[in-house]
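Chain by chain, the residues run as shown.
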Amino acid sequence: MSLKKVKAFMSRHTVVPILLVIFVLASVLVAGFFDIRNLFNILNQNAIKGIMAIGMTFVIINGYFDMSLCTLISLTAALSCGLQSSIGLVPAILVSLAVGLIVGAINGFLVAKAGINAFVVTLALMLGCRSLSYLYSQEQSILATNDLFTDFGMGRLPFGMSYISVLFIVMLLIAHYVLRYTKHGRNTYAAGGNANAAFNAGINVTRTTFINFVICGFTGALGGVLYAAQSGASSPPLGWPDMHMLVIAGVVLGGSKLTGGVGNIWYTCGGVMILGIVANVMNLLNVQTYVSTMVTGMIMIGVLYLDKVLTERKKKESLTNA
Amino acid sequence: MSLSKKGGAVQVMKDWAIVGAMVVVYLIFAVLSPNFRTAENAILLLRQVSIIAIMGCGMSFAIIGGNFDLSVGSLLSLCCCMCIDLHDKIGPVPAMAVTLLVGCASGLVCGFLVGHLRLNSMIVTLGMMNVLQALTLMYTGGSSVMLKDQNVWFGQIGKGSLGPIPYVTIIMVVCIVVYATLLNKTVFGHHVLAVGSNDEACRFSGINDRKVVRNTFVLSGLSAAIAAILLCSRGGAAQTTIGQGYEFDVITGVILGGASLNGGSGNIVKTFIGVMIIGILKNGFVIVGLPYYLQWLAQCVIILLAVYVAIQSERKKGTK
């Protein structure tokens, strides 16, 4: 009975078996992987990507995706570094986050209200943010001058977890709560699953979509600020050209569907960790960068295929049971 | 096509409003700068856009079929490096043939994964982007490659011209004509349009949608390889990151050309116009002396405007 339950759980959440296999293989085959300090390292290295993926999860469950992320982070990183010497640390961060909210709001307005294709809108905003980022920073790297800022970005708790990872976990819990237990979360699933049906059921689909894009803009901006805090500086090409794709890949590898309506914040966490573990293993094995890039690419395709096969098998089973 | 004829001249003009947009953008820069409105610059412009325009032809097929191909940028890098490197080893013609084959093979892999296994095209081509980048680095060992003798006839493909018209422009026009004919006049083209608008209906009516999708990716890979030959022939050298970011320029051009990203509609000539607008912006901002990064802001505004106007007219059509 319990075995059956475990099996059912595994086939419903395909990311769990995939992650487990990768984790066990890495632990057995790679020396130095199963080490508490290394495991915290993986978490710390991927916390920022994870935070951005949280916002992306909301948008993807809603049935859209946000490509403006990749240059939004360089814009907010530049703003948070450049403004902290003139207007103080807290206002600088607040301004950066506000920029993220505004970009998210523009995305949300154009997609939800004006009805333009999300790919087009967010691609356009991606170009816009890139332009503004270069304009503001004048193509220069900007150093962070405030010690508190960099201390937060580089600081760690006594047992090896960085402050950013703590923030990541807190945000995961909040996101889980919002998606699972609030009206907005349920509306998001409904709108992503079938926008027309959701609309007919009295759900304000426009507002739901709008809010989700704003959430994504906020987490993107936060990601940019955290990158700046972590490295102590901002650089104009930060995130270009494929950061958003890595974030989307993380979400999708977790098992959320780009068609919308299916997803879960823990899937996202798992998907980001799959990519993180692969990168970490490549590092530990000391392989050339290009091998690591290649394996990452192949694993993306492989996981996608596995997820497809596992989901289809589940579908067949449920058909025969019915 | 038949629908627009019914609507008469007004409808035709509305359909081709993107040409008006291009003329307006051109005129703005022509007024701002006397250096921009010279004939030499117009020809330079045609030379500059040819790479992206050729890639846009292939990308149009992928997008009309309802998929994205994000791997073309990395494929461009790989093909450039291979073509330059092989030119000195096995001669120009075999090198070009191998390059084209590599382009088709990469497209075939993407097409197999997307068409036959039905995986999401965005993630698959993103994965392929990584793989191709890695292959490029592996092939070159990370260093850039160069032709030993820069004065070979191979370099003339990219640099030379027939009278005032550069060879690359001629090749671009040929590509556009071939791809447009393929899309509008052949059975395969109609199948692509049909699969893009409703793949399930196609399956029921006996179209092999898997094969069609696969072939759109092969076309996309082939066009990237052709573009790569022109690009590396012009430069006489190639770096491993030469194609980075090209995919977004190409997709932006296709979007400006009015192809629906949900698949099912699009036009190769309009794609060319879209690419031209981006080319004019790139060229114009430099000539007028504005910082190059402002062109992205301009692109952002133009994309949103173009798509917004298209949607509004679409809605009006719907209410009539």
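In this convention, every chain numbers its residues from 1, walking through the sequence in written order. The order in which chains are written sets their letters, starting at A; the order in which ligands are written sets their numbers, starting at 1. Local features in a predicted model are, by the rule used here, given only for residues with pLDDT of at least 70; side-chain atom pairs are given and counted only at 80 or more, and totals for whole chains, interfaces and linings are based on all residues. Hydrogens and waters are ignored; side-chain quantities use all the structure's heavy atoms.

1. Looking at the overall build of chain B
For step 1, the next point in the chain: Going along the chain from the N terminus, every DSSP run of H or I of four or more residues is numbered as a helix, and every run of E of two or more is numbered as a strand. Broken down by element type, chain B carries 14 helices and four strands.
For step 2, the next point in the chain: All radius of gyration figures rest on C-alpha atoms, and the globule criterion is 2.2 Å times the number of residues raised to 0.38. Taken against the 2.2 N^0.38 rule, which gives 20 Å for 320 residues, the C-alpha radius of gyration of chain B at 20 Å falls within 12% of a compact globule.
For step 3, the next point in the chain: With respect to the principal axes defined by its C-alpha atoms, chain B has extents near 65 × 55 × 35 Å.
For step 4, the next point in the chain: With 320 residues in all, chain B has 53% of them scored as buried.
For step 5, the next point in the chain: Residues are treated as being in contact if the distance between any of their heavy atoms lies within 4.5 Å. Counting contacts in chain B only where the partners sit at least 6 residues apart, residues at least 24 apart contribute 78% of the total.
For step 6, the next point in the chain: Just so you have it, chain B exposes about 13,500 Å², and 66% of that area is on carbon and sulfur atoms.
For step 7, the next point in the chain: Charge counting follows a simple rule: Lys and Arg are positive, Asp and Glu are negative, and His as well as the terminal groups are ignored. A charged residue contributes its charge at one atom only: NZ of Lys, CZ of Arg, CG of Asp or CD of Glu. Taking the average place of the 21 positive charges on the side chains of chain B and the average place of its 12 negative ones, the gap between the two points comes to 9 Å. Each residue is placed in one exposure class: buried if its accessible area under a 1.4 Å probe, protein chains only, is under 20% of its type's maximum, exposed if it is over 50%, and partly exposed if it falls in between. Using a 1.4 Å probe, the Shrake-Rupley method yields the accessible areas, and only the shown protein chains count as cover for residues.

2. Focus: a nonpolar patch on the surface
All names here are of chain A.
For step 1, the next point in the chain: To count toward a patch, a residue needs a relative accessible area over 30% and no salt bridge; like charges are then connected within 9 Å, while nonpolar side chains (Val, Leu, Ile, Met, Phe, Trp, Tyr) are connected within 5 Å. One side-chain nitrogen of Lys or Arg within 4 Å of one carboxyl oxygen of Asp or Glu is enough to make a salt bridge. Residues Leu20, Val21, Val24, Leu25, Val28 and Leu29 make up a contiguous nonpolar surface patch of roughly 580 Å² in combined accessible area.
For step 2, the next point in the chain: Here Leu29 shows up in helix 2 (residues 15-29).
For step 3, the next point in the chain: With relative accessibility at 63%, the residue Leu29 sits in the exposed group.

3. Examining the packing of helix 3 (residues 36-61) of chain A against helix 11 (residues 205-231) of chain A
All names here are of chain A.
For step 1, the next point in the chain: To obtain each axis, a line is fitted to C-alpha atoms, and for helices this fit is confined to the stretch in contact; angles are then taken between N-to-C directions over 0 to 180 degrees. Relative orientation of the contacting elements helix 3 and helix 11 amounts to 165°, with a least axis distance of 7 Å. Considering the angle they form, helix 3 stands roughly antiparallel to helix 11. Both helix 3 and helix 11 take part in a crossing whose hand is left-handed. Contacts between helix 3 and helix 11 involve Asn44, Ile48, Lys49, Ile51, Met52, Gly55, Met56, Phe58 and Val59 from the first element and Asn212, Phe213, Ile215, Cys216, Thr219, Gly220, Leu222, Gly223, Leu226, Tyr227 and Gln230 from the second.
For step 2, the next point in the chain: Looking at side-chain class alone, the contact of helix 3 with helix 11 contains twelve nonpolar, seven polar and one charged residues. With respect to orientation, any angle under 35 degrees is reported as roughly parallel, any angle over 145 as roughly antiparallel, any angle of 65 to 115 as roughly perpendicular, and every other angle as oblique. Rotating anticlockwise by less than a right angle from the far helix to the near helix defines a left-handed crossing, while the corresponding clockwise rotation defines a right-handed one. Just so you know the grouping, Ala, Val, Leu, Ile, Met, Phe, Trp, Tyr, Cys and Pro go in nonpolar, Asp, Glu, Lys and Arg go in charged, and all remaining residues, Gly too, go in polar.

4. Here's the deal with the side chain of A:Asp307
Residue and element names in this part refer to chain A.
For step 1, the next point in the chain: You can see Asp307 is positioned in helix 14 (residues 289-321).
For step 2, the next point in the chain: By relative accessible area, Asp307 is classed as buried at 9%.
For step 3, the next point in the chain: Separated by 3.3 Å, the side chains of Asp307 and Lys257 make a polar contact.
For step 4, the next point in the chain: Apart from the residues lying within four places of it in its own chain, the contact partners of Asp307 are Thr14, Ile18, Gly255 and Lys257. Any N or O atom pair separated by 3.5 Å or less is treated as a polar contact, with the protein-specific requirement of one donor-capable and one acceptor-capable atom, and with residues adjacent in sequence counted only for side-chain atom pairs.

5. Description of the confidence of the model for chain B
All names here are of chain B.
For step 1, the next point in the chain: Confidence of the predictor at the level of single residues is captured by pLDDT, which takes values from 0 to 100. Within chain B, residue pLDDT values average 88, and 97% of them lie at 70 or more.
For step 2, the next point in the chain: Residue range residues 1-5 is modelled with pLDDT below 50. Its contacts to residues more than four positions away, or to other chains, number three contacts.
For step 3, the next point in the chain: Scoring the predicted complex yields pTM 0.88 and, for the interface, ipTM 0.83.

6. Observations concerning the packing of helix 4 (residues 72-90) of chain B against helix 5 (residues 92-116) of chain B
Residues and elements named next belong to chain B.
For step 1, the next point in the chain: Where helix 4 meets helix 5, the axes come as close as 8 Å, and the angle between the chain directions of the two elements is 155°. Here helix 4 lies roughly antiparallel to helix 5, going by the angle between them. The two elements helix 4 and helix 5 meet at a crossing, and its hand is right-handed. Residues Leu75, Leu78, Cys79, Met82, Cys83, Leu86, His87 and Ile90 of helix 4 touch helix 5, and the partners they reach there are Pro92, Pro94, Ala95, Met96, Val98, Thr99, Val102, Gly103 and Ser106.

7. A few points about the interface of chain B and chain A
For step 1, the next point in the chain: Listed as interface residues are 42 residues of chain B and, on the opposing side, 44 residues of chain A.
For step 2, the next point in the chain: When the two sides are added together, the surface that chain B and chain A hide from each other amounts to roughly 3,900 Å², 81% of it contributed by carbon and sulfur.
For step 3, the next point in the chain: A quick way to say it: buried area is the sum, across both parts, of accessible area lost when two parts are put together, with a 1.4 Å probe. Of all residues in chain B, B:Phe248, B:Tyr293 and B:Trp296 give up the largest surface area on contact with chain A, accounting jointly for 18% of the area buried on that side.
For step 4, the next point in the chain: Where chain B meets chain A, there are zero salt bridges.
For step 5, the next point in the chain: Inspection of the region where chain B meets chain A yields four residue pairs in polar contact (both at pLDDT 80 or more).
For step 6, the next point in the chain: When residues of the side of chain B that touches chain A are traced back to their parent elements, those giving at least two are helix 6 (121-140), helix 12 (246-256) and helix 14 (294-319) of chain B.

8. So, the pattern of salt bridges
Two side chains that carry opposite charge are able to pair once their charged atoms sit near each other.
For step 1, the next point in the chain: Summed over the entire model, instances satisfying the criterion amount to six salt bridges over all chains.
For step 2, the next point in the chain: As a salt-bridge pair, A:Lys257 and A:Asp307 come within 3.3 Å of each other at their nearest N and O atoms. One end of the pair, A:Lys257, is in the loop between helix 12 (243-253) and helix 13 (265-284); the other, A:Asp307, is in helix 14, and 50 residues separate them in sequence.
For step 3, the next point in the chain: Residue B:Lys89 pairs with B:Asp85 through a salt bridge whose shortest N-O separation is 2.9 Å. Remark: B:Asp85 and B:Lys89 occur in helix 4; sequence separation between them is four residues, near one turn of the helix.
For step 4, the next point in the chain: Taken together, the shared-partner salt bridges connect B:Arg118, B:Asp199, B:Arg203 and B:Asp209 into one network.

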